[in-house]
Amino acid sequence: SLSGSILRSLSSARLEVPVYAVVGSERVSRQLQLHRGLSIETLPRKDQLSELIDFMLDRLTSEKIISTGDRVVVIASEIDARNRLVHLTKVYVMD
């Protein structure tokens, strides 16, 4: 997450499923710690968003937070090469 606005919205929805978030800023991480139901981690930016997604899915799998058959919704945003904000929503079925 860049600013945390989507994460704040998810927190206010009081979802019954866990929300794991990766942010690139300590400031945003501290702000989000005040919101219910979010597990926040600060990581340095990766060259490609796909690298970060793969890293986090591997980590959640190795920590046995997600497993085979689970559906994982990834909501992400990044700044593209033309300096535009690009949003991604993708559903993964873990195998």
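Engineer: How should I be thinking about unusual backbone geometry in this particular structure?
Structural biologist: Glycine aside, negative phi is the norm for most residues, and most peptide bonds take the trans geometry. Although it is not a glycine, Lys 64 sits at a positive phi angle of roughly 60 degrees. Mapped onto the secondary structure, Lys 64 falls in the loop between helix H3 (49-62) and strand E3 (71-79). Phi angles above zero are rare outside glycine, and Asn 83 is one such case at about 65 degrees. Inspection of the secondary structure puts Asn 83 in the loop between E3 and strand E4 (85-93).

Engineer: For this particular structure, what's the right way to read the pairing of E3?
Structural biologist: Moving residue by residue along a regular strand, the side chains alternate between the two faces of the sheet. As judged from the nine bridges shared by E3 and E4, these two strands associate in the antiparallel manner. When the bridges of E4 are listed, Ser 77 appears paired with His 87. Hairpin remark: E3 followed by E4, antiparallel, with five residues in the connecting loop; positive phi at Asn 83, about 65 degrees.

Engineer: How should the side chain of Ser 29 be read in this particular structure?
Structural biologist: With respect to the element layout, Ser 29 can be found in helix H2 (residues 26-32). Once you skip the residues sitting within four places of it in the chain, Ser 29 turns out to touch Val 23, Ile 40 and Thr 42.

Engineer: Can you help me understand a nonpolar patch on the surface in this one?
Structural biologist: Together, Ile 6, Val 73, Ile 75, Val 91 and Val 93 give the surface a local cluster of nonpolar side chains, amounting to about 430 Å² of exposed area. Of all the secondary-structure elements, those providing two or more residues to the nonpolar patch are E3 and E4. Of note, Val 73 is situated in strand E3.

Engineer: Would you mind going over the pattern of salt bridges with me for this structure?
Structural biologist: Note on pairing: side chains with opposite charge can pair once their charged atoms come close. Evaluated as defined, the whole model comprises two salt bridges. The partner of Arg 59 in a salt bridge is Glu 63, with the nearest N and O atoms 3.2 Å apart. In this structure, Arg 84 engages Asp 80 in a salt bridge whose closest nitrogen and oxygen atoms are separated by 2.9 Å. You can call Arg 84 partly exposed: its relative accessible area is 45%.

Engineer: What exactly am I supposed to notice about the side chain of Ser 11 here?
Structural biologist: With respect to the helices and strands, Ser 11 occurs in helix H1 (residues 5-12). For Ser 11, the residues in contact, after removing those within four places along its chain, are His 35, Arg 36 and Leu 38.

What counts and what doesn't
- Residues numbered from 1 in each chain as written.
- Predicted model: local features only at pLDDT ≥ 70, side-chain atom pairs only at ≥ 80, totals over all residues.
- Heavy atoms only, no water.
- Helix = DSSP H or I, 4+ residues; strand = E, 2+ residues; numbered from the N terminus.
- Pairing = 2+ DSSP bridges.
- Contact = heavy atoms within 4.5 Å.
- Patch = residues over 30% accessible without salt bridge, like charges linked within 9 Å, V, L, I, M, F, W, Y side chains within 5 Å.
- Areas by Shrake-Rupley, 256 points an atom, 1.4 Å probe, with all protein chains shown as cover.
- Salt bridge = Lys/Arg side-chain N within 4 Å of Asp/Glu carboxyl O.
- Buried < 20%, exposed > 50% of the residue type's maximum accessible area, 1.4 Å probe, protein only.

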